[in-house]
Amino acid sequence: MRGLQIEAGGAAILHRLDLTLARGEILGLIGESGAGKSTAGLAALGYARPGTRIAAGRVELDGEDILALPEAARRRLRGARLAYVAQSAAAAFNPAHRLIDQHAELAVIHGRDPQSARQDAVALYARLGLPDPGRFGERSPHQVSGGQLQRAMLAMAMACRPDVVVFDEPTTALDVTTQLEVLIAIRDVVKAAGNAAIYISHDLAVVAQLADRIMVLRHGRLVEEGPTAALLSRPREDYTRQLIAPRRLQKPAAAGGGAVLAVSGVSVSYGTTRALDNVSLSLPRGTTLAVVGESGSGKSTLARVVTGLRAPDAGTVEFDGRALPPTLRRRSVDTLRRLQMIYQSPDSALNPHQTVAEAIGRPLQVYVGLKGKAQRARAVELMRRIELDEGLLDRLPGQLSGGQKQRVCIARALAAEPDFLVCDEITSALDPLVAGSVLELLLRLQRELGLSLLFITHDIATVGAIADAVVVMHRGRIVERGTRDDVLSRPQEAYTKALLAAVPQMAPTWLDSVLAGRNGGPAPPV
Amino acid sequence: MVRELIRRPARPMGPLAGLVARRLALGLLTLFVVSVIIFLGVSLLPGDVATELLGQSATPATVAALRHSLGLDQPLVARYGLWLGGILQGDFGTSLANGRPIGHLVAARFGNTIFLASVAALISVPLSVGLGLLAALYRGSLLDRTINALTLVSISFPEFFLAYILIVILSMQAGLLPSLATLNEGMGLAEQLHRIALPALTLTLVVIAHMMRMTRASILGVLASPFIEMARLKGASPARVIVRHALPNAWSPIINVIVLNLAYLVVGVVVVEVVFVYPGLGQLMVDSVQKRDIPVVQACSLLFAATFVGLNLTADLLSMLANPRLRHAR
């Protein structure tokens with residue numbers, strides 16, 4: 001790619017990017033969301049998303065500019081010589097067709113033999129460790145798990161033995177233990193096929209396991225580029241340095257007072273599925289309890305029970321020594337005020353048609369009774385608390401960045417003057433650096449206001465940063481509990497150990513050591 | 001009861017069979033409620049059938065005698081029971097106007113209505129889905145805008161106006177097609193089709209816009225999905241993307257609109273039938289209302305309602321079948 005400039009609505013989202021990929025090389029593209037990574041990856045296939053346009057530059061494949069080709073000729077390259085693996089396999093597979101039909105479709109499109117493509121698919125499924133490879137493809141996308149689907153998509157990308165595969169955050173939507181399996185599969189297949197690849201991710205540790213060379217992008221521009229080992233050990237730019245070693249937040253352990261929240265024997269079922277099975281925990285006042293687990297472990301259901309969004313089938317929730325009514329409707333306004341919730345996605349948690357002032361003003365009016373000027377003054381004060389400019393008060397959520405939106409959600413929760421916050425994956429949708437600053441803010445607020453936090457997350461690094469105590473959940477049960485240091489440094493249960501071991505480490509040799517550990521070698525250092 | 005029906009999970013049958021069974025039960029319930037409403041509604045019409053029938057010769061004694069022979073002196077509930085019981089056994093009663101069994105009368109007319117509706121549907125459904133696909137494929141182009149504009153024009157005219165315009169152009173000026181759609185016994189199929197060409201064309205023009213627009217909108221809605229981008233990145237051509245990847249996921253709303261329009265073709269054709277003097281059920285109903293032939297009106301209403309409920313039921317079932325998550329359970 002030479003001098004690639006891509007624009008959306010007149011604004012450049014990629015500034016004159018140069019990118020070269022040698023045959024057989026894996027190039028890592030890294031950066032926060034909005035950095036132009038995906039745009040660059042798609043441009044490698046000569047594709048621009050609707051609303052964007054390739055304004056200048058060339059994309060050469062073996063010396064031929066594919067942007068100069070007619071659309072039909074570009075289509076013949078896509079899928080055949082240039083393949084793409086999307087972030088969410090669940091969304092990228094057509095729900096109406098069986099997996100193997102979608103695999104064999106590539107053969108149909110590119111005029112090859114569909115029957116041998118099917119046999120090839122089965123061989124690939126087997127190689128990728130998918131269950132019952134002979135019949136796996138007969139299933140529809142919704143019938144298999146996320147990790148299996150991502151591997152099926154990897155198989156589909158390899159169907160025509162392409163020269164270049166673009167991986168667009170292929171493991172971001174997966175749990176850590178699943179991510180590990182998919183990473184191993186990707187490396188195995190790509191190394192065996194010997195094709196070139198562009199691997200896009202915001203997670204430097206993941207990219208480090210696969211890439212020969214890494215390019216760091218920010219705001220559509222190249223920040224730094226270099227061979228993986230050199231870039232990790234001797235970064236030249238500050239931004240890269242921050243990505244490699246995010247400031248380690250370490251919260252001093254807090255003793256806390258008596259239990260502000262006590263959950264005892266709570267069970268919840270959805271249909272025949274047990275989401276929570278006899279869960280008990282207690283949270284000392286002024287401390288943070290992290291609830292860790294992968295998707296489907298029941299973490300979010302626990303949050304819904306505590307906030308009263310879902311009545312438990314059995315068990316009780318005590319708040320400040322008194323049993324809470326199971327449903328929201330029967331809780332007093334004062335209880336609602338004291339117990340606030342912050343959600344994972346600030347995009348969907350904020351009404352897009354309400355300004356920041358309106359979003360924060362509503363709880364101020366309902367819970368505190370502030371109106372007019374007094375409400376505005378308090379909103380300004382809250383904005384200062386969350387380190388945002390008060391000028392943003394009259395903006396709509398659409399005009400704010402992801403980190404700013406999550407801060408507004410925090411301010412909205414604080415407006416009720418709560419003493420207990422339930423935080424459900426509040427940093428998962430944010431880029432690492434932004435997430436770090438939001439956590440920092442939350443820690444400071446906890447110190448200043450004496451808040452108690454129930455912090456739900458799947459991210460182990462986040463746990464280390466903010467938790468006093470940790471419970472690990474797996475399939476609706478608590479499998480391990482203890483202080484932060486005990487659980488993270490001296491895990492007792494096999495599941496906790498597996499979870500911790502699956503967290504990618506920055507060292508490029510991490511994946512090798514995990515594999516070596518599996519093949520009977522010494523256990524990997526964690 | 002309805003809530004019970006909706007909520008109760010039917011495990012042993014599997015999710016799809018359970019859903020189908022519940023939907024069927026709901027359909028029957030709806031039909032029952034509709035029959036009550038029709039019966040009550042017609043009973044509440046002003047005027048007394050016996051007085052109306054006897055006309056000049058109505059004396060209190062003759063009226064009472066006729067009321068008794070018609071069963072009108074019995075309580076409402078009993079009359080409803082008799083009426084429904086008869087219908088369940090296939091007996092719609094006898095016409096007050098000419099004393100013939102309603103079953104025969106209605107069957108022939110209903111057959112005619114269904115014939116006309118089927119012909120119109122066979123033309124309009126493939127045509128509108130095809131045009132919708134074309135419009136989606138070439139969205140924003142001259143073709144797209146032409147299809148949109150023409151179908152909008154055809155839906156904007158009242159149907160009788162469309163019918164008269166077609167008669168003037170195709171029948172009176174060009175002399176291609178007959179303007180009267182009367183059917184006789186012993187006509188061959190080709191002749192029948194020739195006779196009903198104009199009403200079928202009119203109906204097609206009336207219903208095409210709605211279905212075509214829904215097809216286009218539904219396809220365009222699906223086109224924003226990630227799996228469409230994936231299909232494009234696999235090198236699929238635009239036509240393949242639309243037909244193979246978008247359409248199977250766009251069926252549900254399209255099916256609903258198609259079936260609504262099919263129901264209209266059966267139930268809403270009264271005006272067109274009158275214009276073309278077509279011997280369908282709608283015309284029979286209009287005539288019977290004028291003659292105060294209450295049992296015939298009731299029978300026609302019930303048939304129309306049953307068609308409507310039945311077609312909507314079909315739409316629901318087809319939508320379920322169009323959903324791969326329901327078709328292939330986990």
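What you see as residue numbers is a count from 1 along each chain, following the sequence as written. Throughout, the order in which chains and ligands are written sets their labels, letters from A for the former and numbers from 1 for the latter. Since the coordinates come from a predicted model, pLDDT governs what is reported: local features require at least 70, and pairs of side-chain atoms require 80 or more to be given and counted, while whole-chain, interface and lining totals use all residues. In computing side-chain properties, one takes all heavy atoms of the structure into account and sets aside hydrogens as well as water.

Description of the packing of helix H8 (residues 176-193) of chain A against helix H22 (residues 510-518) of chain A
All names here are of chain A.
Argument step 1. H22 packs onto H8 with a crossing angle of 100 degrees between their chain directions and a minimal axis gap of 11 Å. Overall, the two elements H8 and H22 adopt an arrangement that is roughly perpendicular. Here H8 contributes Leu180, Glu181, Leu183, Ile184 and Arg187 to the contact with H22, which in turn contributes Trp510, Leu511, Asp512, Val514, Leu515 and Arg518.
Argument step 2. Residues are grouped as follows: Ala, Val, Leu, Ile, Met, Phe, Trp, Tyr, Cys and Pro are nonpolar; Asp, Glu, Lys and Arg are charged; all remaining types, including Gly, are polar. Taken together, the residues that form the contact of H8 with H22 break down as 7 nonpolar, no polar and 4 charged. A fitted line through C-alpha atoms represents every axis, and for helices the fit uses only the stretch in contact; the resulting angles, taken between N-to-C directions, go from 0 to 180 degrees. For helices the rule is a DSSP run of H or I covering at least 4 residues; for strands it is a run of E covering at least 2, with both sets numbered from the N terminus onward. Reported orientations rely on four angle classes, namely roughly parallel under 35 degrees, roughly antiparallel over 145, roughly perpendicular from 65 to 115, and oblique for the rest. In this description, contact between two residues means that some pair of their heavy atoms is separated by no more than 4.5 Å.

Points about unusual backbone geometry
Argument step 1. The residue His219 of chain A is not glycine, and still its phi comes out positive at about 50 degrees.
Argument step 2. The topology assignment puts His219 of chain A in the loop between strand S10 (213-218) and strand S11 (221-227).
Argument step 3. His219 of chain A gets classed as exposed once you look at its relative accessible area, which sits at 52%.
Argument step 4. Of note, the phi angle at Val277 of chain B is positive, near 50 degrees, even though the residue is not glycine.
Argument step 5. With respect to the element layout, Val277 of chain B can be found in the loop between helix H13 (270-275) and helix H14 (281-291). Burial status follows relative accessibility: with a 1.4 Å probe on protein chains alone, a residue under 20% of its type maximum counts as buried, one over 50% as exposed, and anything between as partly exposed.

A closer look at the domain arrangement of chain A
The accessible area lost on association of the parts is a frequent measure of interface size.
All names here are of chain A.
Argument step 1. When cut into domains, chain A gives domain 1 (2-244) and domain 2 (259-352 + 409-492).
Argument step 2. Domain extents, as shown, originate in an automatic or database domain assignment. The C-alpha-based centres of domain 1 and domain 2 are spaced at 35 Å.
Argument step 3. At the interface, 10 residues of domain 1 touch 5 residues of domain 2.
Argument step 4. The term buried area denotes the loss of accessible surface (1.4 Å probe radius) that occurs when two parts are joined, taken as the sum for both partners. In total, domain 1 and domain 2 occlude about 720 Å² of area from one another, counting both sides; carbon and sulfur atoms represent 51% of this.
Argument step 5. Contact with domain 2 buries surface across domain 1, with Glu32, Asp175 and His202 losing the most and accounting together for 51% of the total.
Argument step 6. Any Lys or Arg side-chain nitrogen located within 4 Å of an Asp or Glu carboxyl oxygen qualifies as a salt bridge. Counting every contact that joins domain 1 to domain 2 gives 0 salt bridges.
Argument step 7. Under this definition, polar contacts are N or O atom pairs within 3.5 Å; protein pairs additionally need one hydrogen-donor-capable and one acceptor-capable atom, and for neighbouring residues in sequence, both atoms have to be side-chain atoms. Where domain 1 packs against domain 2, one counts 1 residue pair in polar contact (both at pLDDT 80 or more).
Argument step 8. Among the residues making up the side of domain 1 that touches domain 2, the classes are represented as 3 nonpolar, 5 polar and 2 charged.

A few points about empty space enclosed by the protein
Argument step 1. Of the two site types, the cavity is a set of points on a 1 Å grid over the protein atoms alone where a 1.4 Å probe fits but cannot get out, and the pocket is an open set with protein on both sides within 12 Å along at least five of seven lines, each lined by residues with an atom within 4 Å of a point. Grid points are joined across faces, edges and corners, and a volume is the space filled by probe spheres set on the points. Under the counting rule described, the total for this entry stands at 2 cavities of 30 Å³ or more.
Argument step 2. Of the pockets and cavities examined, the largest cavity occupies roughly 60 Å³.
Argument step 3. Contributing to the lining of the largest cavity are Gly79, Ala83, Tyr84, Leu106, Met156 and Ala157 of chain A together with Met230, Leu233 and Lys234 of chain B.
Argument step 4. Taken together, the elements giving at least two residues each to the lining of the largest cavity come down to strand S7 (82-85) and helix H7 (146-157) of chain A together with helix H10 (226-233) of chain B.
Argument step 5. Its residues assigned to classes, the lining of the largest cavity shows 7 nonpolar, 1 polar and 1 charged.
Argument step 6. Around the second largest cavity, the lining residues are Val292, Ile460, Val470, Val472, Val487, Leu488, Thr496, Leu499 and Leu500 of chain A.
Argument step 7. The element contributing the most residues to the lining of the second largest cavity is helix H21 (residues 494-501) of chain A, with 3 residues.
Argument step 8. Broken down by class, the residue content of the lining of the second largest cavity amounts to 8 nonpolar, 1 polar and no charged.

What to know about the pairing of strand S21 (residues 477-483) of chain A
Argument step 1. In short, DSSP must find at least two bridges between two strands for them to pair. Sheet topology note: the strand S20 (residues 469-474) of chain A/S21 of chain A ladder contains 6 bridges and is antiparallel. What sits directly across from Val471 of chain A, in S21 of chain A, is Arg481 of chain A.

Describing the packing of aromatic side chains
All names here are of chain B.
Argument step 1. We call Phe, Tyr and Trp rings a pair once their centres come within 6.5 Å, taking the six-membered ring for Trp, and we label the pair stacked below 30 degrees between planes, edge-to-face above 60, and tilted otherwise. Under the defined criterion, the tally for this structure stands at 7 aromatic pairs over all chains.
Argument step 2. Between Phe39 and Trp83 the ring centres are 5.3 Å apart and the planes differ by 35 degrees, which places this aromatic pair in the tilted class. Here Trp83 lies in helix H5 (residues 76-88) and Phe39 lies in helix H2 (residues 14-43), a separation of 44 residues in the sequence.
Argument step 3. Consider the rings of Tyr80 and Trp83, whose centres lie 6.1 Å apart with planes at 50 degrees: the pair is tilted. Of this pair, Tyr80 and Trp83 both sit in helix H5, 3 residues apart, which is roughly one turn of that helix.
Argument step 4. Grouped by ring-pair contacts, the aromatic residues Phe39, Tyr80 and Trp83 constitute a single cluster.

Remarks on the interface of chain A and chain B
Argument step 1. Listed by partner, the interface residues are 31 residues for chain A and 23 residues for chain B.
Argument step 2. Interface area, chain A with chain B, both sides summed: about 2,500 Å², of which 55% is carbon and sulfur.
Argument step 3. Sorting the residues of chain A by area buried against chain B places Arg75, Glu105 and His142 of chain A first, and these three jointly supply 24% of that buried surface.
Argument step 4. Our enumeration of links across chain A and chain B arrives at 4 salt bridges.
Argument step 5. Linking Glu105 of chain A and Arg240 of chain B is a salt bridge whose minimum nitrogen-to-oxygen distance equals 2.7 Å.
Argument step 6. Between chain A and chain B we count 11 residue pairs in polar contact (both at pLDDT 80 or more) in total.
Argument step 7. Looking at the side of chain A that touches chain B, the element that brings in the most residues is helix H4 (residues 99-109) of chain A, giving 6 residues.
Argument step 8. Classifying every residue of the side of chain A that touches chain B by side-chain character gives 16 nonpolar, 9 polar and 6 charged.

Overview of the confidence of the model for chain B
Residue and element names in this part refer to chain B.
Argument step 1. The share of residues in chain B with pLDDT of 70 or more is 92%, and the mean pLDDT across the chain is 82.
Argument step 2. What pLDDT expresses is the predictor's confidence in each residue, scored from 0 to 100. Here residues 1-13 is modelled with pLDDT under 50, and outside its nearest four sequence neighbours on either side it reaches 16 contacts, counting other chains as well.
Argument step 3. Predicted complex, confidence summary: ipTM 0.74, pTM 0.75.

Points about the sheet that holds strand S9 (residues 196-201) of chain A
All names here are of chain A.
Argument step 1. If you trace the 6 strands from one edge of the open sheet to the other, you get S7-S8-S9-S3-S10-S11, paired in mixed fashion. This sheet does not close on itself; its edge strands, each paired only once, are S7 and S11. Going from strand to strand, the sheet's axes swing by 15 degrees on average, the running direction of each strand aside.
Argument step 2. By the bridge criterion, 5 bridges tie strand S8 (residues 164-168) to S9 in an arrangement that is parallel. Counted as the bridge partner of Val164 is Ala196 from S9.
Argument step 3. Sheet strands in contact with H7 are S7 and S8, and its direction is about 175 degrees off that of S7.
Argument step 4. Running over the sheet, H8 touches strand S3 (26-30), S8 and S9 and is turned about 160 degrees from S9.

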